[in-house]
Amino acid sequence: MEKKLYTIIIFSENHVGLLNQISIIFTRRGLNIETLSVSPSALEGIHKFTITTYTDENTIEKVVKQIDKRVDIIKSFYNTDEELVYQEIALYKISTDDFIALESSEELIRKYNIRILEMTKNCVVLEKTGHYNETQGLFDELSQKMKVLQFIRSGRIAITKSKIERLSDILEKYEERWKKTVNHGE
Amino acid sequence: MAEKKMKGSYILMEALKQEGVDTIFGYPGGNIIPVFDALYDYQDDFNYILMRHEQAVTHAAEGYARASGKPGVCIVTSGPGATNTITGIGDAMMDSTPMIVITGQANAASLGTDAFQEIDLVGITQPITKWSYQIRRAEDIAYAVARAFHIATTGRPGPVVLDFAKNAQNELFEFQPQKISIARGYIPYPDLNEKQVDEVANLINESKKPLVLVGQGVILSNAEKELLTFLEKADIPAASTLLGLSAMPSDFRLNKGFIGMHGNIAPNKKTNECDLLIGIGMRFADRVTGNVKTYAKQAKIVHIDIDISEIGKNIKTDAKILGDAKEVLIALTKKIKENNHSEWIDSFKAFEEEEYNKVIKKSLYPSVDALTMGEVVRKVSDATHKDAILVTDVGQNQMESARYFQYTKSRSIVTSGGLGTMGFGLPAAIGAKIGVPNRTVCIFAGDGGFQMSIQELGTIMQSNIGVKMILLNNNYLGMVRQWQELFYQKRYSSTPMINPDFNAIASAYKIANRKVTKRDELDEAINDMLSNDEAFLLVVEVEENGLVYPMTPAGETITNILTPED
Ligand SMILES: Cc1ncc(C[n+]2csc(CCOP(=O)(O)OP(=O)(O)O)c2C)c(N)n1
Ligand SMILES: [Mg+2]
């Protein structure tokens, strides 16, 4: 089966050890996590994980089912790039002298839509958001012209284009389900 | 009204009582002493069994759960006590067995410092539990216990760990009976989808050659009656996985036996002849399917299971019904036509005869002097009027007892299927006997596996557990020897065993015992064993070079079956 990059989005309880519960499911199948980003969601007490990994559809489906099955996981699903709006952020530190020596910093800034976050006697910190190839493109171009002193890229964050179901609606459904579960067999 | 405050260890006792716990298996130690101290005041509430090893604690709890249907409860100490439970926890996870393992833990304040007997049990057990939780404060105890029992026993059951920090055992708090609070996103009983039921009912109605595979899910959902009604109405032959055995009585007209590596020839062959294969509460494990690339390719495959992550995991299915087996079977039975498949069912006979002639006859009525495992198993099964609970260890003894024991009641086999844990049998038998004291419990073990838990003879002595132990002694790690004989040029590396005098050991524990070396001693010895309700060890010297047949070698097409003549 064809391998491609999948993005898994997970909503979970904010418990200790959740990341371990998720990552061991990747470990078991020998899957590498490409990027990972975790943060509180809009709803209190619920955390959101965005994970990307290279694999095939057959495997990703099983992995997501096994993640979803964990008691502390509220909801998880996967998407391909076409189904998502997604973004990464990258920071680049270069020496101020190198930056000033650039023939056309304006052109570079316009081309990559760069923001300058900090400028001191020693160094300049640039910020670029975009897809992987865009943040990488800037890194490659800078590297040709100078030494990039530090470079850091975040994990991906993503929003699905199609799903209209909101987390709060999902939770409401769970409340309904819960009443049934408690009554099961009684 | 303010409740009286009590120590965390007492809150645990109250919470366990509230869950209806009657039996606790355990082993004490430093970081769990407060709990055992509280237990001292609750001796009238709980039947407490001191085992001889924490692994045995977990297997006893599994045996209790599997035989009785109630969750097994374990209490052990931290560190080595906790790590000794890992095998049993993994076993319970693989075999969907409800179990609550409560372990001591160092004080919460010292966690992370390599405190004495501190071990990250939650981290270790996350991959092999349904839920693993650390109780760090007395106020969390009631919540954690309620949630643990709910998770362990609902949906697809499994093990839960509660790692109980010592400070929380000693802190004072008031106990308030808890109703389990919502576990968001945990959907143990998915809603039945009528469209799925209709689709499967249509497939069944159209099928000329249907075959049902019965797994433990049917037993776990108490759907045995519903299964028989369903099978009768559509006239479908059915066979069981190892853990699904006893869901149908052995003599049920449509029961076609046991599937998988050492299963019966007919249902294995028919798997690749049927036009519709319906798995119910089973997981198409590799020991059942053999090579998945050649498995039931001609058939439409239907999977009925409560766990969505099982559907499509090993085998691509054409249709599914997600749900509890009982609910699904009731709904399906309403929608299927009464049918008659007698021609298809009769076509199993040729394979049944083939197996009888090539395998069963030689096992049950051997022409050689040496005793076979099969004849011993069948004699014991007959002598207990097919009414006993079979507990097995792992190896040839397990496969031969699964093949030749017979069942009239459900929940009559307790065996380690998914993990194949040697040493499981003896402690599991102790648990089964305690869980269902009015039934005869027969444990068949090999010389290897018996010695992995032989210390539990001490538990049997101390707690007076009337289990009937049949040691099938071939002086070999027989199942490994079998693979060496068949696939490794008879190079018997690490499989011959020099064994102790097992009878002398039983006598040292004051357990009645006999040894049988000849066929004509067997009946009387079995009668002697079953003449009262006390523990008994029957050592049977069986053939050393016996082989379990039929056999589909691992990874082969399920119909590539070896029999003695090949
Ligand atoms: C804990 C454990 N260790 C090793 C094995 C591998 N194994 C499977 S069967 C077997 C031999 C069992 O020998 P014995 O208990 O004498 O039973 P027999 O096959 O001779 O009936 C072994 C070593 C296992 N299943 N479990
Ligand atoms: Mg042996």
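The structure this text deals with has already been given above.
Residues numbered from 1 in each chain as written. Chains lettered and ligands numbered in written order. Predicted model: local features only at pLDDT ≥ 70, side-chain atom pairs only at ≥ 80, totals over all residues. Heavy atoms only, no water.

Participant: Explain a nonpolar patch on the surface to me, using residue names and the numbers behind them.
Facilitator: All names here are of chain A. A cluster of nonpolar residues, Ile89, Leu91, Leu117 and Ile152, forms a patch on the protein surface that exposes about 320 Å² of accessible area. Examined against the element boundaries, Ile89 turns out to sit in strand E5 (residues 84–95). Residue classification places Ile89 among the partly exposed residues on the basis of a relative accessible area of 35%. (Patch = residues over 30% accessible without salt bridge, like charges linked within 9 Å, V, L, I, M, F, W, Y side chains within 5 Å. Areas by Shrake-Rupley, 256 points an atom, 1.4 Å probe, with all protein chains shown as cover. Salt bridge = Lys/Arg side-chain N within 4 Å of Asp/Glu carboxyl O. Helix = DSSP H or I, 4+ residues; strand = E, 2+ residues; numbered from the N terminus. Buried < 20%, exposed > 50% of the residue type's maximum accessible area, 1.4 Å probe, protein only.)

Participant: Report on the coordination of the magnesium ion (ligand 2), specifying residues and quantitative values.
Facilitator: Residue and element names in this part refer to chain B. Donor atoms from the polypeptide that coordinate the magnesium ion (ligand 2) comprise Asp447 (OD), Asn474 (OD1) and Tyr476 (O), at 2.1 Å from the metal. Each donor residue of the magnesium ion (ligand 2) belongs to the same chain, and together they define the spacing D-x26-N-x1-Y. Comparing Asn474 with Tyr476, the two get one shared label, buried. (Donors = N, O, S within 2.8 Å, 3.2 Å for Na, K, Ca; no water.)

Participant: Please set out the nonpolar core residue by residue, giving values where relevant.
Facilitator: Residue and element names in this part refer to chain B. Residues Ile204, Phe230, Leu231, Leu277, Ile280 and Leu332 are the most contacted members of the largest nonpolar core, which totals 55 residues. For Leu277, the contacting residues outside a window of four places in its chain are Leu211, Leu213, Thr271, Phe284, Tyr295, Ala296, Ala299, Lys300, Ile301 and Val302. In terms of nonpolar packing, the next biggest core, distinct from the first, is built from 46 residues, Ile89, Ile434, Val436 and Met469 among them. (Core = buried A, V, L, I, M, F, W, Y, C linked by side-chain atoms within 4.5 Å. Contact = heavy atoms within 4.5 Å.)

Participant: So what's going on with unusual backbone geometry? Which residues, and what values?
Facilitator: Residue and element names in this part refer to chain B. Pro550 follows Tyr549 through a cis peptide bond whose omega is -5 degrees. Among the secondary structure elements, Pro550 is positioned in the segment after strand E20 (536–541). The backbone phi angle of Ala296 is positive, close to 50 degrees, even though this residue is not glycine. For Ala296, the position within the fold is in the loop between helix H13 (286–289) and strand E13 (300–305). Phi is positive for Gln489, close to 50 degrees, though the residue is something other than glycine. By secondary structure assignment, the location of Gln489 is in the loop between helix H22 (478–487) and helix H23 (502–508). The exposed category is assigned to Gln489, whose relative accessible area is 64%.

Participant: Outline the sheet that holds strand E4 (residues 73–80) of chain A, listing residues and values.
Facilitator: Residues and elements named next belong to chain A. Spatial ordering of the open sheet is given by E2-E3-E1-E4, a layout of four strands whose pairing is antiparallel. Unpaired on one side and paired on the other, strand E2 (35–40) and E4 mark the two borders of the sheet. On average, each strand axis in the sheet is inclined to that of its neighbour by 15 degrees, with strand direction left out of account. Summarising the sheet, strand E1 (residues 4–13) and strand E3 (residues 46–55) pair through ten bridges and their orientation is antiparallel. Looking at the pairing, Leu5 lines up with Tyr54 of E3. The sheet contacts of helix H2 (residues 57–69) involve E1, E3 and E4, and relative to E4 the element is tilted by about 165 degrees. Lying over the sheet, helix H6 (residues 167–183) contacts E1, E3 and E4, oriented at roughly 135 degrees with respect to E4. (Pairing = 2+ DSSP bridges. Axes fitted to C-alpha atoms, helices over the stretch in contact; angles between N-to-C directions.)

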